[in-house]
Amino acid sequence: MKTDMERAFWDRSWGSVAPERIAAYAASLDPAADAIVTFLQKRGARRVCDAGCGCGVYALKLARFGFSVSGFDIAEDAVSLAEKLFSESDCSAAGFRQADVLSTGYTDGCFDAVVARDVVDHMPIRQGMAAVRELLRIVRPGGCVLLTLDKTDDQYEAEPHETNEEGDYLFTGGKWEGMVFHPYSAREIEKLTDGAAHEVLLADENGFLVVLAAGEQTKRS
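Here, residues in each chain are numbered from 1, in the same order as that chain's written sequence. Given that the model is predicted, a residue must reach a pLDDT of at least 70 before its local features are reported, and side-chain atom pairs must reach 80 or more before they are shown or counted; all residues, however, enter totals for whole chains, interfaces and linings. Side-chain numbers here rest on the full set of heavy atoms in the structure, without hydrogens or water.

**Student:** Tell me about the sheet that holds strand β2 (residues 68-73), residues and numbers included.
**Tutor:** One bridge is not enough; two strands pair if DSSP finds at least two bridges between them. Under the scheme used here, helices are H or I runs from DSSP no shorter than 4 residues and strands are E runs no shorter than 2 residues, and both carry numbers assigned from the N terminus. One open sheet accounts for seven strands, arranged β3-β2-β1-β4-β5-β10-β9; its pairing is mixed. Each edge of the sheet is formed by a strand with only one pairing partner; in this case those strands are β3 (95-98) and β9 (196-204). Each strand of the sheet is rotated relative to its neighbour by a mean of 15 degrees, with strand direction disregarded. Looking at chain direction, strand β4 (residues 111-117) and strand β5 (residues 139-150) are connected through six bridges and run parallel. Bridging from a neighbouring strand, alanine 116 pairs with leucine 147 of β5. What counts as an axis is a line fitted to C-alpha atoms, over the stretch in contact for a helix, and the angles between N-to-C directions run from 0 to 180 degrees.

**Student:** Lay out the sheet that holds strand β7 (residues 169-171) in plain terms, naming residues and giving numbers.
**Tutor:** In spatial order, the strands read β6-β7-β8; together these three strands make up an open sheet with antiparallel pairing. Across the chains shown, the open sheet's two edge strands, defined by having one partner strand only, are β6 (161-163) and β8 (180-181). Pairing of β7 with β8 involves two bridges; the strand directions are antiparallel. Looking across to β8, one finds that tyrosine 169 is bridged to phenylalanine 181.

**Student:** So, the pairing of β5: which residues are in play, and what are the values?
**Tutor:** On the question of chirality, the crossover connecting β4 to the parallel β5 by way of helix α6 (residues 125-137) is right-handed. Of the pairings in the sheet, the one linking β5 to strand β10 (residues 207-217) comprises seven bridges and is antiparallel in character. Residue leucine 147 lies in a different strand from β10, and its bridge partner there is valine 210. Look down the strands so they point away from you; if the path from the first strand over the helix to the second goes clockwise, the crossover is right-handed.

**Student:** Summarise the side chain of glutamate 6; cite the residues concerned and give the values.
**Tutor:** With respect to the secondary-structure elements, glutamate 6 resides in helix α1 (residues 4-15). Beyond its immediate chain neighbours, meaning those up to four positions away, glutamate 6 contacts His122, Pro124, Gln127, Gly178 and Val180. In this description, contact between two residues means that some pair of their heavy atoms is separated by no more than 4.5 Å.

Shown next as structure tokens:
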């Protein structure tokens, strides 16, 4: 499970967000289909879980493309914001809940797909591996998990932090005090997925979009 420091960071972050900032974020989100939406449409996914949904803006985008969307977040305030956003929109959600990505509380195989945008890279890599296993558990055989993983940049490097032997960043001061971040390389994606069949759909200067196939393992020679 997340440490008290990590939980406190996300509780503090979502508890201090101004409503107008969320409205501006929702208004700025590109309404066109992105790589995630397009992939889910091609796979015929219907029941989709937004893992670490935050204030629900991306969940709202998924709902507007016709997916039946559920979501969860570790921060209670984030869940409340997501529920409020949907209540004021033209879309409905299957439901939001407060939950840890390491123990979601969903039943086995209850989704066609899970989307985790900028979630697993905000955990120590060992926890990230456990999170991937949990997300694969709640996806039906033949379904998929989509992860976005950020690369580090000047902002990440400038904020005060310590780095452990596994490459996890723990921010020790500044605006991100208490946050964890792990910048992934292509090699470390292999470690993160821990034998699950996967493909890097996109890779650019910002990071990676990775898809994992539920119920499948990487073939080894």
